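# Observations on chain architecture
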Amino acid sequence: MKAKGPRLEPNLCTYNIVVGALCAAGKVGDALIAYEELKGSGHEPDRFTYQNLILGCCKSYRVDEGMRVFQEMENNCVNADTLTYNTLLDGLMKVRKLTEACRFFEKMISDGVKASCYSNNIIIDGLFRNGRPAAAFVLFSQLKKKGQFIDGITYSIVVSHLCKEGRVFEALGLVKEMEEKGFAVDLITITSLLIGFHKNGNWNSAEKLVRYVRDSVLLPSVLRWKENMEASLKAPQDRGKDYTSLFPHIGRLSDVISLIDPAPENTNEEVDAVSDLENEWSSSPHLDKLAKSFKSSDSSPFFSIRRGQRVQIKGVKSFDNAMLNTYLAIFLSNGKLSEACKLFEIFTSLGSEPVSYTYNSLLSSFVKKGYLNDAWGILQEMGDKKCPADIATFNMIIQGLGKMDKGELATSILDRLVKNGGYLDIVMYNTAIHALGKAGKVDEANKLFQKMTGTGINPDVVTFNTLIEVNSKAGRLEEAYKFLRKMLAAGCMPNHVTDTILDFLEKEMEKVKLQKASFGHNKAEHNADDTG
DNA sequence: CTAGGGTTAG
């Protein structure tokens with residue numbers, strides 16, 4: 001290499017590596033800029049460039065951008081394969097764009113791209129998640145008849161949704177069928193069933209599993225684990241009933257906020273000035289800028305862009321962790337916080353390393369029960385142990401703030417999260433809208449709805465329920481009704497929660513009507529029923 | 001690239 005020669009220009013491979021790495025680090029905005037630079041560099045993006053970018057966009061909920069890249073890919077005559085289609089299909093389903101997803105699926109078929117088991121699984125799961133369980137079942141049984149288009153994961157998906165709807169015996173039937181067809185009944189499926197049983201108050205049904213699942217290698221270990229766990233829980237508890245000393249008490253909100261953004265300083269202007277100076281010499285100005293602004297704190301383990309992965313079963317330790325998470329979820333969903341904490345204590349003292357997932361489960365129920373000091377203590381411990389917080393952790397922070405009537409802080413937390421390279425998903429938006437509305441910031445809540453749709457995420461039934469409720473309770477009946485109409489226009493199926501909320505709304509409207517009547521302003525028309 | 005934790009009422 002000549003030191004004095006012209007700078008080496010990055011080639012396509014270099015660009016692809018950079019784009020891929022930026023996406024993997026969650027810095028999709030930077031990846032998109034690098035992509036723009038690549039297009040201006042005289043190189044043509046290839047299928048690797050496109051696939052990495054599309055995956056990055058979809059994982060960070062920027063599906064509109066993913067679709068835009070896909071469009072450019074087509075315009076550039078690079079053929080999309082099954083993987084690319086699947087990535088976008090999943091993204092569309094996750095942002096609740098069911099219609100677009102179905103259209104895209106049809107395009108996939110008509111373009112002659114073969115749907116794989118992955119594709120079918122994404123569609124079936126997406127139908128369930130988008131409030132179309134009947135359609136999901138129809139597709140499932142059609143594919144089953146055709147054979148060879150579904151796999152064990154398809155069964156696992158359907159079983160899990162059946163359990164969520166409380167239809168555990170139908171789920172059991174499917175598990176039996178699954179095994180007969182030679183698909184392995186894995187820990188994920190068993191976990192869904194265990195949680196399903198327990199939600200239905202059928203704690204002892206776990207043993208019945210052996211009647212349905214005979215060949216599973218895992219089931220005996222699961223049952224043995226459960227037995228040992230129950231025995232340990234019966235042993236006298238060290239702290240009596242008191243679990244509160246498990247985690248440090250910090251209890252100060254400012255500490256929590258500083259956990260999110262430990263070093264609020266930013267030397268962006270300086271960096272900009274430097275890179276501006278060098279722009280004309282650089283073949284890759286944005287990448288130079290990124291390199292200059294790189295700080296080791298960027299890789300701080302406390303904050304993870306990627307969502308905390310579930311424990312995969314590899315060896316005894318990870319089996320313990322997976323089971324620990326499962327049983328924490330079970331205890332916590334039933335409000336058995338004390339048992340959950342004891343279980344946590346037993347396993348950590350035996351040397352199990354809690355992961356983000358484990359902490360999130362505990363955090364969730366501390367927040368739900370209103371033990372916020374302990375919740376902040378968990379965050380503290382996560383920080384101390386360098387256990388990364390992920391989007392679910394942040395969701396619990398927002399929920400906790402809502403609980404302590406500090407919902408107005410939600411906006412600034414979300415801003416910080418995004419500023420640090422994070423992203424907002426549907427659950428996060430829903431939680432924040434609720435927290436803001438509860439804090440009386442209904443305008444801000446409604447604005448967040450606008451922002452959500454503006455970034456390409458469609459609202460779901462929870463979003464609409466929340467907005468209708470929040471606006472009703474604030475006496476903004478017109479607004480509430482507007483959201484109801486939007487919900488129906490969007491083809492979003494109301495659920496039982498909607499019913500409860502609408503009852504409330506109706507009563508409020510009745511009140512207003514009576515008031516108007518008593519003032520003698522009884523107008524003959526009611527504009528709320530008109531379509532808008 | 002898909003499934004198992006985080007969101008809404010009473």
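Just so it is clear, the model here is predicted, and its values are computed rather than measured.

## Things to note about the side chain of H161
Its place among the elements puts H161 in helix α9 (residues 152-164). H161 has contacts with D125, F128 and R129, leaving out every residue within four places of it along the chain.

## Considering the protein's contact with DNA strand B
By nearness alone, 47 residues border DNA strand B, and N86, N121, R307, R310 and N430 come closest of all. In DNA strand B, the atoms that sit within 4 Å of the protein are 45% sugar and phosphate, with bases accounting for the remainder. In this structure, I391 approaches DNA strand B through a main-chain N or O atom, which is 3.4 Å from a base nitrogen. H434 is positioned such that a nitrogen or oxygen atom in its side chain is 3.4 Å from a phosphate oxygen of DNA strand B. Counted by class, the surface near DNA strand B contains 16 nonpolar, 17 polar and 14 charged residues.

## Topic: the side chain of N446
For N446, the position within the fold is in helix α24 (residues 442-454). Residues within four places of N446 in sequence aside, it is in contact with L467, N471, R476, E479 and F483.

## Here's the deal with the UniProt feature "repeat: PPR" (unreviewed entry) in chain A
Under the present numbering, the feature "repeat: PPR" (unreviewed entry) in UniProt falls on residues 11-45, 46-80, 81-115, 151-185, 355-389, 425-459 and 460-494. Overall, residues 355-389 shows 77% helix and 0% strand. The separation of its end C-alpha atoms is 10 Å.

## Quick word on helix α13 (residues 218-234)
Along an α-helix, residues three or four positions apart point the same way, because every turn accommodates 3.6 residues. Across its 17 residues, α13 extends 25 Å between first and last C-alpha, which sits within 8% of the 24 Å expected from 1.5 Å per residue. Turning to α13, its buried residues are L218, L219, V222, L223, W225, K226, M229 and L233. Buried residues of α13 fall within an arc of 160° about the axis and therefore sit on the same side. Away from the buried face of α13 by more than 90 degrees, exposed residues R224, E227 and K234 are located. Those residues of α13 that are buried are in contact with α11 (187-199), α12 (209-212), α17 (315-333) and α18 (337-349).

## Details of the packing of helix α25 (residues 461-473) against helix α27 (residues 496-518)
Between α25 and α27, whose axes approach to 10 Å, the crossing angle comes to 20°. Viewed along their axes, α25 and α27 adopt a mutual orientation that is roughly parallel. The way α25 lies across α27 gives a crossing that is left-handed. Listed contacts from α27 to V461, N465, I468, E469, S472 and K473 of α25 are V497, T498, I501, L502, F504 and L505. Here the contact of α25 with α27 is composed, by residue class, of seven nonpolar, three polar and two charged.

What counts and what doesn't
Sequence positions are assigned chain by chain, starting from 1 and proceeding in written order. For naming, the first written chain is A and the first written ligand is 1, with later ones following in the order written. In view of the model being predicted, local features appear only for residues whose pLDDT reaches at least 70, and side-chain atom pairs are presented and counted only at 80 or more, with totals across whole chains, interfaces and linings using the full set of residues. Computation of side-chain values covers all heavy atoms of the structure but excludes hydrogens and water. For helices the rule is a DSSP run of H or I covering at least 4 residues; for strands it is a run of E covering at least 2, with both sets numbered from the N terminus onward. The contact criterion used is simple: two residues touch if any of their non-hydrogen atoms lie within 4.5 Å. Proximity is defined per residue: any heavy atom of the residue falling within 4 Å of a molecule or strand makes that residue near it. Counted as a polar contact is a pair of N or O atoms within 3.5 Å, where, for protein atoms, one must be capable of donating a hydrogen and the other of accepting one, and residues adjacent in sequence contribute only when both atoms are in side chains. We call Asp, Glu, Lys and Arg charged. Ala, Val, Leu, Ile, Met, Phe, Trp, Tyr, Cys and Pro are nonpolar, and the rest, Gly among them, are polar. UniProt positions are given in the numbering used here, feature names are shortened, and annotations may be inferred rather than shown by experiment. What a helix is expected to span follows from its residue count: subtract one and scale by 1.5 Å. Buried means the residue's accessible area, taken with a 1.4 Å probe over protein chains only, is under 20% of the maximum for its type, while exposed means over 50%, and partly exposed covers the values in between. An arc is given here, and it is the one of the directions from the helix axis to the C-beta atoms. Axis lines are fitted through C-alpha atoms, for helices just across the contact stretch, and the angle between N-to-C directions can take any value from 0 to 180 degrees. In these notes the angle categories are as follows: under 35 degrees is roughly parallel, over 145 is roughly antiparallel, 65 to 115 is roughly perpendicular, and the rest is oblique. Handedness of a crossing follows from how the near helix is turned relative to the far one, being left-handed for an anticlockwise turn of less than a right angle and right-handed for a clockwise one.

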